[in-house]
Number of protein chains: 2
Amino acid sequence: MDKFLIAVDAVVFAYDKDYLKILLIKRGIEPFLNEWALPGGFLRKGESLEDSVKRELKEETNINDIFLKQLHTFSLINRDPRERVITTAYYALVNPENYKIKADTDALEVKWFNFNELPKLAFDHNEIIEMAINKLRKDIEFKPVGFELLPEYFTLAKLQKLYEIIFDKEIDKRNFRKKLLKTELIIETDKKDTGGVKRPARLYYFDKKRYFKFKATGFKFKII
Amino acid sequence: MDKFLIAVDAVVFAYDKDYLKILLIKRGIEPFLNEWALPGGFLRKGESLEDSVKRELKEETNINDIFLKQLHTFSLINRDPRERVITTAYYALVNPENYKIKADTDALEVKWFNFNELPKLAFDHNEIIEMAINKLRKDIEFKPVGFELLPEYFTLAKLQKLYEIIFDKEIDKRNFRKKLLKTELIIETDKKDTGGVKRPARLYYFDKKRYFKFKATGFKFKII
DNA sequence: TCAAAAGTGTTATGGTTACACCCATGA
DNA sequence: TCATGGGTGTAACCATAACACTTTTGA
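Every chain is numbered on its own, with residues counted from 1 as its sequence reads. Chain letters and ligand numbers both follow the written order, the letters beginning at A and the numbers at 1. Under the rules for a predicted model, residues below a pLDDT of 70 receive no local features and side-chain atom pairs below 80 are neither given nor counted, while totals for whole chains, interfaces and linings still include all residues. Neither water nor hydrogens contribute to the side-chain values; these are computed over all heavy atoms in the structure.

Secondary structure summary: chain A contains five helices and 10 strands in total. For chain A, the C-alpha radius of gyration of 19 Å lies close to 17 Å, the compact-globule estimate for 224 residues. With the C-alpha coordinates of chain A rotated into their principal frame, the extents come out at 55 × 40 × 30 Å. Restricting the contact set of chain A to residue pairs at least 6 apart, pairs at least 24 apart contribute 66%. Entry remark: accessible area of chain A is about 11,600 Å², with carbon and sulfur atoms responsible for 49%. Positive and negative side-chain charges of chain A, numbering 43 and 36 respectively, have mean locations separated by a distance of 7 Å. Helix and strand assignments come from DSSP, with helices taken as H or I runs of at least 4 residues and strands as E runs of at least 2, each series counted from the N terminus. For the radius of gyration, the atom set is restricted to C-alpha positions; the globular benchmark scales as 2.2 Å times the number of residues to the power 0.38. Here, residues are in contact when the closest pair of their heavy atoms is within 4.5 Å. Note that accessible areas follow from Shrake-Rupley with a 1.4 Å probe, and for residues the cover is restricted to the protein chains shown. In this charge count, Lys and Arg are treated as positive and Asp and Glu as negative; neither His nor the chain ends contribute. Here the site of a charge means atom NZ of a Lys, CZ of an Arg, CG of an Asp or CD of a Glu.

Written as structure tokens, this is what we have:
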């Protein structure tokens, strides 16, 4: 029976300075030497696909312990110019505390790109990113994954901005806050964000435990 | 670099006599000889995963030309007792016109099972089915995939029953019809379903073309 | 004291839910 | 003629959308 090379690739999203970003590496090996690509690599014996992405992310970009979700497996015959490779793509969300990256092993350089200013990428990686963004849009509509992109304590303005970027549309501030707070999952604190330029904004956090309790009883999370 | 065996498996759903069914085969080869399993097989050189599922379905069950969607790739080290195999699962929806099945090649027998009366299956196939049902529930909520399980012309009662089975809850007949017809995607015909026991019910069809037109302009399909 | 962003309520509209009876047909 | 499933409308309720001014702070 035929055997195949299997790769994994990761579309890593982050949210910084009001931009949605994607992590890319500059390839240090052929094919597509010196071109930008998704971080990833080959599956090894003895590891699952998920183990493999985690290892590659750690090796190539120094990113650890993040939200990871399988996206799709790409299997077109000629997606790798040299030899047939089947790749399983994951998407990942990192929060700013996990943001320190450094190039390593097969990567010459690692860099965050604004998701709407991406270069042409190696392989079918532009296509993979397209699918990842669509998936992120779908997921964020009904799951509280947006918080994975934020620090533990965040302002409602930041959260709103994140949703505005991902959905590419403006949201009414008052309605957004009302809807959010009515869920009883976004908890007010006494902390203030003094980093802003003027009046400090109140910080909130997402109550994950309560979310899972609500979810178990059939509640649906939807804030936009 | 390591190479791997890759398989494909299909969770094939059908809707018949007010039951949601799943197609299983009795395995004619080791491992799990004589046990029930999902139809599937090994990926070959020169075919994509999707080509492969289609071929396997045709070979093992004589099912052709159906709605197919990639579900997930399963890669745990010991999911196959003999040798490592990574499998990509698909889910499929067949309508009653495509319903004629027959066992072939590696399958001793092919049979439709009610989805809530499944035997213990080979490999991790029960787990795969679990994921497929969850995916089907999600998809059917916002996409008109339910019609893939129905003949071209159907009664609203059948459609309602299908949704009731998949979501496992009762739906109010009047509200269901109102909401459906308001979309202008379910088109009334002059045909009647004379197969019923009493008063014949009117037949409708789903206007796929119009759906894609609406979809392109940002409309969201949701009927429950 | 002023510029900038934070924070806050009300009303109109549209969608969802709850609910019960008559109708057409085949046996 | 009657049993069976087919077919229909209205009112109460709730969620969403639209909309503008006051407050707090740092410079």
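The atoms used to superpose the copies are C-alpha atoms, taken from residues with pLDDT of at least 70 in both, and the fit is least squares. With an axial shift of 0.0 Å and an RMSD of 0.0 Å, the rotation relating chain A to chain B amounts to 180 degrees. Within this description, the copies of the chain are treated as partners about a two-fold rotation axis.

The next thing to look at is the interface of chain A and chain B. Contacts between the two partners involve 28 residues from chain A, matched on the other side by 29 residues from chain B. Computed with a 1.4 Å rolling probe, the buried area is the accessible surface lost when two parts are put together, summed over both parts. A buried area of about 2,600 Å², summed over both sides, lies between chain A and chain B, and 58% of it is on carbon and sulfur atoms. Its largest share of buried area at the contact with chain B, chain A owes to A:D2, A:K3 and A:F4, together 22% of the area lost on that side. Salt bridges are defined by distance alone: a side-chain nitrogen of Lys or Arg within 4 Å of a carboxyl oxygen of Asp or Glu. Here chain A is connected to chain B by four salt bridges. Taking the shortest distance from any N to any O, the salt bridge between A:K3 and B:E83 comes out at 2.8 Å. Nitrogen and oxygen atoms within 3.5 Å of one another constitute a polar contact, given that in protein one can donate a hydrogen and the other can accept it, and given that sequence-neighbouring residues count only through two side-chain atoms. Joining chain A to chain B, the criterion identifies 14 residue pairs in polar contact (both at pLDDT 80 or more). Of all the secondary structure elements, the ones that give two or more residues to the side of chain A that touches chain B are β1 (3-16), β5 (67-74), β6 (85-93) and α2 (125-142) of chain A. Here the side of chain A that touches chain B takes four residues from β1(A), the largest share from any one element. Amino acids are sorted into nonpolar (Ala, Val, Leu, Ile, Met, Phe, Trp, Tyr, Cys and Pro), charged (Asp, Glu, Lys and Arg) and polar (every other residue, Gly among them). The residue makeup of the side of chain A that touches chain B, split by class, is 10 nonpolar, seven polar and 11 charged.

One less than the number of residues in a helix, times 1.5 Å, gives the span that helix is expected to have. Over its 13 residues, helix α1 (residues 49-61) of chain A extends 18 Å from the first C-alpha to the last, a length consistent with the 18 Å expected when each residue adds 1.5 Å. In the segment just after α1(A), A:N62 is the residue with positive phi, at about 70 degrees.

Residues and elements named next belong to chain B. Where helix α2 (residues 125-142) meets helix α3 (residues 156-167), the closest approach of the two axes is 10 Å, and the angle between their N-to-C directions is 140 degrees. Put simply, α2 runs oblique to α3. The handedness of the crossing between α2 and α3 is left-handed. Contacts between α2 and α3 pair L136, R137, I140 and E141 from the former with Y163, I166 and F167 from the latter. A breakdown of the residues in the contact of α2 with α3 according to their chemical character gives five nonpolar, no polar and two charged. The angle between two axes is taken between their N-to-C directions and runs from 0 to 180 degrees, where each axis is a line fitted to C-alpha atoms and a helix contributes only its stretch in contact. We call two directions roughly parallel when the angle between them is under 35 degrees, roughly antiparallel when it is over 145, roughly perpendicular when it lies between 65 and 115, and oblique otherwise. Crossing handedness follows the turn of the near helix against the far one: under a right angle anticlockwise gives a left-handed crossing, and clockwise gives a right-handed one.

With that settled, the discussion passes to the sheet that holds strand β8 (residues 154-155) of chain B. Residue and element names in this part refer to chain B. Following DSSP output, two strands are said to pair if at least two bridges run between them. A sheet is described by the order of its strands in space; here three strands give the open sequence β8-β10-β9, paired in antiparallel fashion. In the strand order of this sheet, the two ends are held by β8 and β9 (186-193), each with one partner. Here β8 runs beside strand β10 (residues 201-206); their pairing, made up of two bridges, is antiparallel. Within β10, the position partnered with F154 by the bridge is Y204.

Only rings of Phe, Tyr and Trp enter the pairing, Trp through its six-membered ring, and a pair is recorded when the two centres are within 6.5 Å. The plane angle decides the type: under 30 degrees is stacked, over 60 is edge-to-face, the rest tilted. Tallying each qualifying case throughout the model produces 31 aromatic pairs over all chains. Between the aromatic rings of A:F206 and A:Y211, the centroid separation amounts to 5.8 Å while the plane-to-plane angle is 50 degrees, which identifies the pairing as tilted. A:Y211 shares its class with A:F206; the two are buried. With a centroid separation of 6.0 Å and 85 degrees between ring planes, the pair formed by A:Y211 and A:F221 is classed as edge-to-face. Within this pair, whereas A:Y211 is found in helix α5 (residues 208-216), its partner A:F221 is found in the segment after α5, the two being separated by 10 residues in sequence. Each of the two residues, A:Y211 as well as A:F221, counts as buried. Of the aromatic side chains, those joined through ring pairs into one cluster are A:F147, A:F154, A:F206, A:Y211, A:F212 and A:F221. A:K111 extends its terminal NZ or CZ atom over the ring of A:F113, reaching a point 4.9 Å from the ring centre. The criterion for a charge sitting over a ring is simple: Lys NZ or Arg CZ within 6 Å of the ring centre, and within 35 degrees of the ring normal. One cation-aromatic arrangement involves B:K191 over B:Y153; the distance from NZ or CZ to the ring centre is 4.0 Å. Between buried and exposed lies partly exposed: a residue is buried under 20% and exposed over 50% of the maximum accessible area for its type, with that area taken using a 1.4 Å probe on protein chains only.

Looking along the chain, the bond that leaves A:E30 and enters A:P31 is cis, with omega of -10 degrees. Within the secondary structure, A:P31 is located in the loop between β2 (19-27) and β3 (36-37). Of note in the backbone geometry, A:E184 takes a positive phi value of approximately 65 degrees without being a glycine. As for its placement among the helices and strands, A:E184 is situated in the loop between α4 (173-182) and β9 (186-193). Of note in this structure, B:D168 is not a glycine but carries a positive phi near 55 degrees. For B:D168, the location among the structural elements is in the loop between α3 and α4 (173-182).

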